Amino acid sequence: MSEPRSGVLYGVGLGPGDPDLLTLRAAGLLRSLEVVAVPRSERGTDISGAVVATFVDEARVVTLTTPMPVDATAVGRGWRGRVAPLIAALDAGRTVGMVTDGDPSLFSTFAHAASAVRELRPQTEVVIIPGVPSFCAAAAVEARPLLVGADRLALLPASRVDNDVMLAAMANADTVVLLKAGAAIDRIRSVLDGPARGWSVRYARRIGLPGEEHRDSLDGAGDDYMSLVILRRPREATR
Ligand SMILES: C[S@@+](CC[C@H](N)C(=O)[O-])C[C@H]1O[C@@H](n2cnc3c(N)ncnc32)[C@H](O)[C@@H]1O
């Protein structure tokens, strides 16, 4: 089936930031979609700039400013008000997509936008183009697996959970990936200095972007939203 189709809202995963890590399908869509919505967070932490500039001419870009309220009702209300240009383009029969960093199914603004569009325009079909998730890109740089055999993974938005949740995840997993790590970096340090002593640490910041860093410790890590931490249980330890 040829893409893009009108009437469809495409959620296009951009990967971690390097245009080389885009899938061929995503690149093809970005080159041909008539309207490409680009979320711009109020924090100014977007990865999409370089990737979108490589594949999409400016005339096709619709910028959606995205405040980050924590309250779910406020998030839904905000997006219902923000997707009007996408709905107008879909109604006009244009081909429409929205980009998202990493993969669209992981903590992505696309999920909010897509549910707002479907609520207001229920006939809209949503198609998701997967992208390389940030933590897989971080593990690739270390050339070390996240999981092998019967290992278990916990994936948490660190700044949105408290230490008890982090510790419960560590009790039940062999690898714990902490996204949204910046604002929680001191709490992650305290967990590692206490109950999680001995776990290995991998810190990655701004993967595929200017200022990229990868380290085996949290030394010097600060409050950068575009950072993540991978914790691995020591191999000799048992659950
Ligand atoms: C809203 S979540 C989006 C996750 C994304 N959909 C994915 O698949 O990785 C944002 C978090 O992902 C992580 N992240 C996304 N892109 C990153 C990058 N280029 N470098 C480091 N961390 C990144 C950070 O932990 C950031 O706080």
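Residues numbered from 1 in each chain as written. Predicted model: local features only at pLDDT ≥ 70, side-chain atom pairs only at ≥ 80, totals over all residues. Heavy atoms only, no water.

Caption draft 1: Expanded view of the sheet that holds strand β1 (residues 8-13). Within the open sheet, the five strands sit side by side as β3-β2-β4-β1-β5. Their pairing is parallel. Two strands close off the open sheet at either side, each with one partner strand: β3 (61-66) and β5 (125-129). Geometrically, the sheet is characterised by an average inter-axis angle of 25° between neighbouring strands, direction not taken into account. The pairing of strand β2 (residues 35-41) with strand β4 (residues 96-100) spans three bridges and is classified as parallel. (Pairing = 2+ DSSP bridges. Helix = DSSP H or I, 4+ residues; strand = E, 2+ residues; numbered from the N terminus. Axes fitted to C-alpha atoms, helices over the stretch in contact; angles between N-to-C directions.)

Caption draft 2: Geometry of the sheet that holds strand β10 (residues 227-232). On the basis of which strands lie adjacent, the open sheet formed by five strands has the order β6-β7-β10-β8-β9 and mixed pairing. The open sheet has two free edges, formed respectively by β6 (153-157) and β9 (213-215), since each of these has just one partner strand. When the angles between neighbouring strand axes are averaged without regard to direction, this sheet yields 15°. Bridging between strand β8 (residues 200-205) and β10 involves six bridges; their strand directions are antiparallel. Across the sheet, residue Tyr203 finds its bridge partner in β10, namely Val229. Contacts from helix α6 (residues 134-142) reach β6, β7 (175-179), β8, β9 and β10 within the one sheet, and its direction differs from that of β10 by about 65°. This element, helix α7 (residues 163-172), spans β6, β7 and β10 of the sheet and lies at about 165° to β6. (Contact = heavy atoms within 4.5 Å.)

Caption draft 3: Just the environment of Pro195, in detail. For Pro195, the location among the structural elements is in the loop between α8 (185-193) and β8. According to the relative accessible area criterion, Pro195 is exposed, its value standing at 60%. Taking C-alpha positions, Pro195 is 19 Å from Ser159, a pair spaced 36 residues apart along the chain. Setting aside residues up to four positions removed in sequence, Pro195 forms contacts with Leu167 and Ser190. (Buried < 20%, exposed > 50% of the residue type's maximum accessible area, 1.4 Å probe, protein only.)

Caption draft 4: Quick peek at the nonpolar core. Val176, Leu178, Ile188, Leu192, Leu218, Val229 and Leu231 are the most contacted members of the largest nonpolar core, which totals 24 residues. Of all elements in the fold, only β6, α7, β7, α8, β8 and β10 reach the threshold of two or more residues within this core. The dominant element in this core, judged by the number of residues it contributes, is α8, at four residues. Beyond its immediate chain neighbours, meaning those up to four positions away, Leu218 contacts Ile185, Ile188, Arg189, Leu192, Val201, Tyr203 and Val229. Residues Val8, Val12, Ala27 and Ile129 belong to the second largest nonpolar core, which totals 19 residues. (Core = buried A, V, L, I, M, F, W, Y, C linked by side-chain atoms within 4.5 Å.)

Caption draft 5: Inspection of helix α1 (residues 24-32) at higher detail. What α1 keeps buried is the set Ala26, Ala27, Leu29 and Leu30. End-on view of α1: buried residues confined to an arc of 165°, all on one side of the axis. Away from the buried face of α1 by more than 90 degrees, exposed residues Leu24 and Arg31 are located. For α1, the elements touching its buried residues are β1, β2, α2 (48-55), β4 and β5. (Arc of directions from axis to C-beta.)

Caption draft 6: Region of the structure containing the domain arrangement of the chain. Each assigned domain of the chain is listed with its residue range as follows: domain 1 (8-129) and domain 2 (134-232). Of note, the centres of domain 1 and domain 2, computed from C-alpha atoms alone, are 27 Å apart. Taken together, the contact pairs ten residues of domain 1 with 14 residues of domain 2. For the domain 1 and domain 2 pair, buried surface summed over both sides reaches about 1,000 Å², with 74% attributable to carbon and sulfur atoms. Across the domain 1-domain 2 interface, the total number found is zero salt bridges. For the side of domain 1 that touches domain 2, the residue count by class is five nonpolar, two polar and three charged. (Domains from an automatic or database assignment. Buried area = accessible area lost by both parts, 1.4 Å probe. Salt bridge = Lys/Arg side-chain N within 4 Å of Asp/Glu carboxyl O. Nonpolar A, V, L, I, M, F, W, Y, C, P; charged D, E, K, R; others polar.)

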